[in-house]
Amino acid sequence: MFGLPLTFTVPLVLTALAALPAIWLLLRITPPQPKRVDFPPLKILADLRPEQETPARTPWWLLLMRLLLAAFLILAASGPIWNPLAEDNSRAPLLLVVDNGLAAAHNWRDRMNLASERIEAAGRDGRTVAILGTAEAPAGLELSNPAAALERLRSLKPQPHLQDRRAHLENIQRLLESTPDAHIIWISDGVAGVDGQDFVSGLAQMTDDQRVTVLKSDRASALALAGVENAGGRLNARVVRAEPNGRDSGTLRALDLRNLPLADMRFSFDTNATETSVAFDLPTEIRNAITRIEILGESSAGAVNLVDERGKRRRVGLVFGGTADQTQPLLSPLYYIERALSPYSEIRMGRGGVADSVNQLIDEQVSILVLADVGGLDRETLGRVTSFVEQGGLLLRFAGSRLAAGNDELVPVRLRRGGRSLGGSLSWDTPKTFAPFTRESPFFGLAIPEEIGIRRQILAEPDGDLSSRTWASLADGTPIVTADRRGDGLIVLFHVTADATWSNLPLSGLFVDMLRRITSLAGAASDLTSEARNAEIETVAPRMTLDGYGMSTTPPANARAIPRTYVSRATGDHPPGFYGPVDSSLAVNALVPGDTLVPLNFAPLNARVEPLAGAQTVDLRMPLFMLALLLLLADTLASLWLGGHLSNLSGRVRKAGAAASIVLASMMLFSSGFDARAQDLMSRPIDENASPALITRLAYVITGDANVDETSRAGLLGLTQILSQRTALTPGDPIGIDPSRDEVAFYPLIYWPIVATQPIPSEVTIRKLDAFMKGGGTVIFDTRDAFNNRPDGAVSAEGQYLRRMLATLDIPELESVPNDHVLTKTFYILDTFPGRYATGQTWIEALPPRAEGEENRPARSGDGVSPIIITSNDLAAAWAVGPRGEYLFPVVGSNQRQREMAYRSGINIVMYSLTGNYKADQVHVRDLLERLGQ
Amino acid sequence: MTRVRVLPESARSPGRQETENALSLAHRMPRLVLEARRVAANLAHGIHGRRRAGIGESFWQFRPFVAGESAQRIDWRRSGRDDRLYVREREWETAQNLWIWIDRSASMGYASELAQAPKIERAIVLGFALADCFVESGERVGMLGLMAPRATRRIAETMAQTLVTDRASLEEDMPPAAPIAPQHEAILIGDFLSPVRDIAATVEGISARGARGHLVMIVDPVEETFPFQGQAVLHDLEDGLSLRIGDAEAWGRAYRERIGAHRAELQELTHRRGWTFTIHRTDRPASEAALRLLTLVSAARGAKLGGR
């Protein structure tokens, strides 16, 4: 219309625009509501009639706004459409075929927009529509009205598997028979499904020339991952595409089980290639953590490859033929093997005798069995080990005196009885080193350190195929590592021991590298571990599946379990994802190794092919209605304003708003009283420009009881002053902490008064406290109840509270401070530790028993500082001073010097927490001097 | 746009606030100025000697003792000078009565944002302040129709209590037209927005026996200037009248002429009766009107006395 891509569905409504002048006239003479004025002198003016009664004019802008409002309403009612689809003026039913396999996911939104445009266009033409998603399960096709079809379309989602379009041919046939004139629009991804070309040819037979329209992009643009292999110490990922489409490079990302990225790798296609390969060259432990590789930004299930446990860390079982002395681990050969293998493998130790260990480890489904110096096995065990090897297990043996004494069949080469000594006192030879590894050897490329020396070995009988079974040999050519295939498995023998008695090989880095190479070999052959034996009957249920966009989801309702041996690509019943329990998952991928994407050939259809780009049809009704609505709102506001109501309203709103904000603020204050305090405390160190870490300061726990907290603060302040006067320590001002939210690691000593009425600290707090105490901090728990202690020994409320609180803590054994404890000597020499009360006992971590020869030592100490000191003497109350230095609490007791002794106790405790057992050494000096003098 | 507000009925009875304002205004009255004007008028405001012996404080004359009189009345100091007995006589002194009336009708509870205070507040403050001032200088103050004249020190509080207990006059536009004694004076404080003939009837009623008086017209600035524009509906507060005007600006010109005429008539009316007429706008300080009123009262007395 007018050269613009604009049409109206109901153009007749536009005639209403002619009424606009009339509306203008009407609006013009209808004035706004007059304002009300209270005016007392009116009484004497009742006879004074207004001279001029002409109402004030409606302001022009209000008039314009109302006219626009009317115009927008009329326009919206006439149903304008911007950029309408070209009309084909057909009333024939429409069959919309939408590809929703994995190749369609990455531009799915465009496809959906296109499809809904087509359906809306059909709706305007009054055509009925049927929807067919090619990756869905085949179902009967029904022609429905466009609104229902739109709903059906919205329920379509991209599916995470390659579609089988052929299955739908029958339904299409049926539909075409009932409505022969139906038009088919196929929004295609351009990639052949599992059926290849069949669907196209089948459709071509059913339809004549111009009834099919294919909407496809010029080139199939999907990228996919087809197969990831863990081989040769690298993870190879294969990226495929259907045809060269210009997307020549991108990024692969490897993620772990928690979807954290581990590595990014660029990939690039040659211009005409349809597949390329990327190698993740990563350390084994990181490689093993990879569970998912995806093409960044592709967001399609085809661009995700899940990696399962096959090809992951091997489980290694260790068995030692001799008896290992637990106290001297360096003498056990298993120690060296474990140290070499544990970073890359999962180590299982055999328990019990050799036979028991072997059986147990095979039951645990190890993939590598290490027998270190195991001579012979009993027949039954031998049978199990043999079948283990033949089914793909790797048997790694090390020589030793027992193997030298006699061996079984499970060795790669025939062995001579006895061994060969080199470089011993009775031989002229020097210890031999390794010859360079041959190209055939799996150790090829490893550097051989010069200091390797083999002093003793087991010799192989010379044999025809000995050289082919030799992986490594000494400089004089005698084999030192031999291997042989046995069934699907492999037997590897080191002709030396795994400990340092025969050679220094186990001490070298070469040993580690060799074992790693051997371990990675096991991966290639160990696909069929004993799990495979009952694989035919064992099925695993889906645990986590991918949706069409490649996101992990819970399995859909139609996902079915798969057998353990499932190796093919995902289908509708078996969506890609992880099947089975977490530790032995089976990964099913949308594409299997070796798959390729093949472009579809649409030539047989003889169809009209249109690009995927939509016409960008915009229905202007909604925006116009919205504009009209906004204008209506503005008009209402303007009328209110002109009538003078808006100012009243705003005043009221302002008042209400102020009241509301006051209420809100007070509520926040009320509810966050605790927070505010904590923040205050947290911000204080910053205000003083000194973090707690920079100044040593005493800390007390804020209990929530204001009196107790104030006493604690005043007490620690008093102690701080005394410390500054008498000792070299000048602590900063004491600080109150809330252990549940403040970092406690900065404080050497925390004073914790017990208030029985407060709630028990949370589990998190207790854990933090535990960490603090384990990390060398000291906590003084003060129950403050010495005065109330009953003679019958009943536990006070504070004592019970403390017991409950410490019940879950790992508290060392406690004892009442002994007379020779270092705590009694750290600064002053003290007997007791009085506070406000002098009758309570002070408990501290029990010292180790007195060692011999220490009986006359004046001070003893354990290792480190006691993490806990428990007292009931109310120390802080005795220390507490007011702002003028006056004592806040009287001391209870007969001793005149009790307060002085309380301060001395405090100094000793602080010194103890800061210097640890230093004094325990220092106090020997006098004894030493005396002894020296004698 | 000038915003106006109408006070609720409760605000038209004096509260603590108004009473204290009135007292503070009374204390702030420039007494020296007052005294100067009194001297100029050759009149000490307050106790007025009657030039004859009577009950009073100041000495009037000694007269010889007449037999039969009470012996207590003999002034022994004077009598000791010679052989005769004298009696000390004092001058007969009497206080003047002032009647105050405050309009508390609905139209008084009105304030625009141009004003310093609502009309009613200003009227009450003014009335109380004057009463306190007069009592201070020895006069007796009453309230028309409500309270007999008295000279209590707490006149403002007393008047406030009287006003609060009286609900009937909240609807009354005019004071009761009962005449007062010739020597008394009336002070009527209100907005006088009634037809002139009603006001004239009241004034004539009060002054029927020759009493004099003062009208104080309290005016909100809006009532004088009418600063409105555009379309408006005017509402009267007492009779429920409303008037719709299309062009307030044009109507305002007519209104100002009209209110000017109303004032001129009031001026003429008061002049005829020998009363005074004061217009007080609420955007001016209250002390202005109070000072003028004090002066007028003194001057009127001076004229009266001078004429005698």
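Asker: Would you take a moment to explain the pairing of strand E7 (residues 140–143) of chain B for this structure?
Answerer: Looking down a regular strand, the side chains alternate between one sheet face and the other. Residue and element names in this part refer to chain B. Because side chains alternate across E7, one face comprises the buried residues Arg140 and Gly142, and the other comprises Val141 and Met143, equally buried. As defined by bridge partners, strand E5 (residues 97–102) adjoins E7 across four bridges and the pair is classed as parallel. Among the inter-strand pairings, Trp99 is bridged to a residue of E7, identified as Gly142. Here E7 runs beside strand E8 (residues 147–150); their pairing, made up of two bridges, is antiparallel. Bridge pairing in E8 links Met143 to Met147.

Asker: Which parts of the structure should I look at to understand the nonpolar core?
Answerer: In summary, soluble globular proteins display a tendency toward joint burial of nonpolar side chains. Residue and element names in this part refer to chain A. Ranked by size, the top nonpolar core spans 75 residues in total, and within it Leu95, Leu96, Val97, Ala224, Leu225 and Ala237 carry the most contacts. Taken domain by domain, the makeup of this core includes at least three residues from each of domain 2 (94–220 + 599–616) and domain 3 (223–310 + 540–588). When neighbours within four sequence positions are excluded, Ala224 is seen to be in contact with Leu102, Val240, Gly302, Ala303, Leu591 and Leu597.

Asker: Can you walk me through the sheet that holds strand E15 (residues 315–320) of chain A in this structure?
Answerer: Residue and element names in this part refer to chain A. Pairing is mixed in the open sheet, where seven strands are placed in the order E16-E15-E17-E18-E23-E22-E21. Unpaired on one side and paired on the other, strand E16 (346–349) and strand E21 (470–473) mark the two borders of the sheet. Each adjacent strand pair in this sheet contributes to an overall mean axis angle of 15 degrees, direction not counted. Bridging between E21 and strand E22 (residues 479–486) involves three bridges; their strand directions are antiparallel. When the sheet's bridge partners are listed, Ser473 is paired in E22 with Pro479. Against the sheet, helix H9 (residues 354–363) makes contact with E15, E16 and strand E17 (368–372), and its axis sits at roughly 175 degrees relative to E15, the strand it touches most. Across the face of the sheet, helix H10 (residues 379–390) comes into contact with E17, strand E18 (394–398), E22 and strand E23 (489–494) while running at roughly 115 degrees to E23.

Asker: Help me out: how do you make sense of the interface of chain A and chain B in this one?
Answerer: Accessible area lost upon the coming together of the parts is a frequently used measure of interface size. Taken residue by residue, the interface counts 22 residues in chain A and 33 residues in chain B. Each residue belonging to the side of chain A that touches chain B can be placed in one class, and the counts come to 14 nonpolar, two polar and six charged. The pairing of strand E2 (residues 35–38) of chain A with strand E11 (residues 232–235) of chain B spans four bridges and is parallel. Across the sheet, residue A:Arg36 finds its bridge partner in E11(B), namely B:Val233.

Calculation rules
Here the residue numbering is sequential within each chain, running from 1 through the sequence in written order. Lettering of chains starts at A and numbering of ligands starts at 1, both following the order in which they are written. Residues qualify for local features only when their pLDDT is at least 70, as the model is predicted, and side-chain atom pairs are given and counted only at 80 or more; totals for whole chains, interfaces and linings, by contrast, use all residues. In this scheme the burial state of a residue depends on its C-beta neighbours within 10 Å: 20 or more other such atoms mean buried, 12 or fewer mean exposed, and anything in between means partly exposed; the C-beta positions come from the backbone. A run of H or I in DSSP counts as a helix once it spans at least four residues, and a run of E counts as a strand once it spans at least two, with each numbered from the N terminus. Paired strands, as defined in this entry, are two strands with at least two bridges between them according to DSSP. Here a nonpolar core is just a set of buried residues of the types Ala, Val, Leu, Ile, Met, Phe, Trp, Tyr and Cys, joined wherever their C-beta atoms sit within 7 Å. How far each domain reaches was decided by an automatic or database domain assignment. Throughout, a pair of residues is in contact if the C-beta atoms placed from their backbones lie within 7 Å. Whenever a helix is involved, its axis is fitted only over the stretch in contact; in every case the axis is a line through C-alpha atoms, and angles between N-to-C directions fall within 0 to 180 degrees. Only Asp, Glu, Lys and Arg are considered charged, only Ala, Val, Leu, Ile, Met, Phe, Trp, Tyr, Cys and Pro nonpolar, and every remaining residue, Gly among them, polar.

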